[in-house]
Amino acid sequence: MSEPLNPDDFVITRRRKKFKFAMFANSSLCFELDEWKRAAIDVVEVGAGTGFFSVELASRHPEQTFLAVDVKGDRLQKGAYEAEARNLTNIRFLRARADQLLEVVKPGSVSQVWLTFPDPFPKKRSAGRRLTNKTFLYTYTKMLNKSGSLSLKHDSREFFMWSLEQLVAYGWHIDELSFDLHDSDLSDDYKILTSYETRWLGEGLVTNFVRAHVPKNQ
Ligand SMILES: C[S@@+](CC[C@H](N)C(=O)[O-])C[C@H]1O[C@@H](n2cnc3c(N)ncnc32)[C@H](O)[C@@H]1O
């Protein structure tokens, strides 16, 4: 027989949820979509999780502005507290979905979009949720400026190859490509570890990497 439900468990859960929301709301670097005013952002990380990757990039490039976007506020909040601890003023954390990105940045204004280990949604019927499908690629095209590019890091070769096919099919040109980023000569910035990567790299994970752009008319 299953255990009887204890109402106190739900009180604790609700408190914990409120606590997580409060942590997010208490950081001046964290925003809900309805608080966000479209600002000039150079680099956007989509599905950023904790956003530690963007935090490190922001610390290396104080001349650029960064935005880490995720649906999960409790993850973003961790990056925001790290950015505050490092006194970074060039990064923000936004709780929003990828399909809302065109409400977030001015079209044609972003230099770099990063997709770091997006959920692969391996089932065919879930392809519509993959952040490298046709609809999302169109969104990134709209966000990027004329010289802007999209970068993807991923451990799943299957998801990565599928994403490469999408890029080529929808007119993206491949600028840089590696099937083992950490054993390549590519930029050290690309090799900054995300939270996900830190967890799995020691267990044989190999990071696939591509940077691509869509040629835009003058
Ligand atoms: C596998 S995790 C990777 C997190 C982080 N990039 C890293 O490498 O540590 C995928 C992240 O994408 C977020 N995500 C999934 N679908 C999303 C969507 N449609 N819009 C925004 N974030 C999304 C999830 O909440 C999760 O934090």
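Residues numbered from 1 in each chain as written. Predicted model: local features only at pLDDT ≥ 70, side-chain atom pairs only at ≥ 80, totals over all residues.

J.: Hey, could you run me through the sheet that holds strand β2 (residues 43-46) in this one?
T.: Note on sheets: strands pair through backbone hydrogen bonds, and any given pair is parallel or antiparallel. Within the open sheet, the eight strands sit side by side as β1-β4-β3-β2-β5-β6-β8-β7. Their pairing is mixed. Each of the sheet's edge strands pairs with one partner strand only, and the pair in question is β1 (30-32) and β7 (173-178). Here the average twist between neighbouring strands, direction ignored, is 20°. Relative to strand β5 (residues 110-116), β2 runs parallel, the two sharing four bridges. Across the sheet, the residue bridging to Glu45 is Trp114, located in β5. Across the sheet, helix α2 (residues 52-60) touches β2, β3 (66-70), β4 (91-95) and β5, and the angle it forms with β3 is around 180°. Taken strand by strand, helix α3 (residues 73-85) contacts β1, β3 and β4, and its axis lies near 170° from that of β4. (Pairing = 2+ DSSP bridges. Helix = DSSP H or I, 4+ residues; strand = E, 2+ residues; numbered from the N terminus. Axes fitted to C-alpha atoms, helices over the stretch in contact; angles between N-to-C directions. Contact = placed C-beta atoms within 7 Å.)

J.: For this particular structure, what's the right way to read the nonpolar core?
T.: As a rule of thumb, nonpolar side chains are buried together in soluble globular proteins. Formed by 45 residues in total, the largest nonpolar core has its most connected members in Val44, Val46, Ala68, Val69, Phe93, Val113 and Met143. Examining the composition of this core, we find that five residues originate from one element, α2, more than from any other. Leave out the neighbours within four places in its chain, and Phe93 touches Leu29, Cys30, Phe31, Gly51, Ala68, Leu76, Gly79 and Ala80. (Core = buried A, V, L, I, M, F, W, Y, C linked by C-beta atoms within 7 Å. Buried ≥ 20, exposed ≤ 12 C-beta atoms within 10 Å, placed from the backbone.)

J.: How should I be thinking about unusual backbone geometry in this particular structure?
T.: Most peptide bonds take the trans configuration, and most residues that are not glycine carry a negative phi. In this model, Asn87 sits at a positive phi of 60°, which is unusual for a non-glycine residue. Assignment of secondary structure puts Asn87 in the loop between α3 and β4. One non-glycine residue, Phe117, lies in positive phi territory at about 50°. Structurally, the position occupied by Phe117 is in the loop between β5 and α4 (134-143).

J.: What am I meant to see in the site of the ligand here?
T.: In the vicinity of the ligand there are 18 residues, among which Gly47, Gly49, Ala98, Thr194 and Tyr196 approach most closely. Those elements that provide at least two residues to the shell around the ligand are β3 and α6 (195-201). Broken down by element, the residue count for the shell around the ligand peaks at three residues, all from α6. Here the residues of the shell around the ligand are counted per class, giving seven nonpolar, five polar and six charged. (Near = placed C-beta within 6 Å. Nonpolar A, V, L, I, M, F, W, Y, C, P; charged D, E, K, R; others polar.)

J.: Would you mind going over α3 with me for this structure?
T.: An ideal rise of 1.5 Å per residue puts 18 Å on 13 residues; α3 measures up with 18 Å between its terminal C-alpha atoms. Within the span of α3, buried status applies to Gly73, Arg75, Leu76, Gln77, Gly79, Ala80 and Ala83. A positive backbone phi angle near 60° is found at Asn87, which sits one or two residues after α3. (Expected span 1.5 Å × (residues − 1).)

J.: Teacher, can you tell me more about the pairing of β4 here?
T.: Along a regular strand, successive side chains alternate from one face of the sheet to the other. Most of β4 sits inside the fold, with five of its five residues counted as buried. Burial along β4 is two-sided: Ile91, Phe93 and Arg95 and Arg92 and Leu94, pointing in opposite directions, are all buried. Relative to β4, β1 runs parallel, the two sharing three bridges. Within the sheet, the bridge partner assigned to Cys30 lies in β4 and is Phe93. In the sheet, β3 pairs with β4 via five bridges, with the strands oriented parallel. In the strand pairing of β4, Ala68 is matched with Phe93. Regarding topology, α3 serves as the crossover connection from β3 to the parallel β4, and that connection is right-handed. (Right-handed = clockwise from strand over helix to strand, strands pointing away.)

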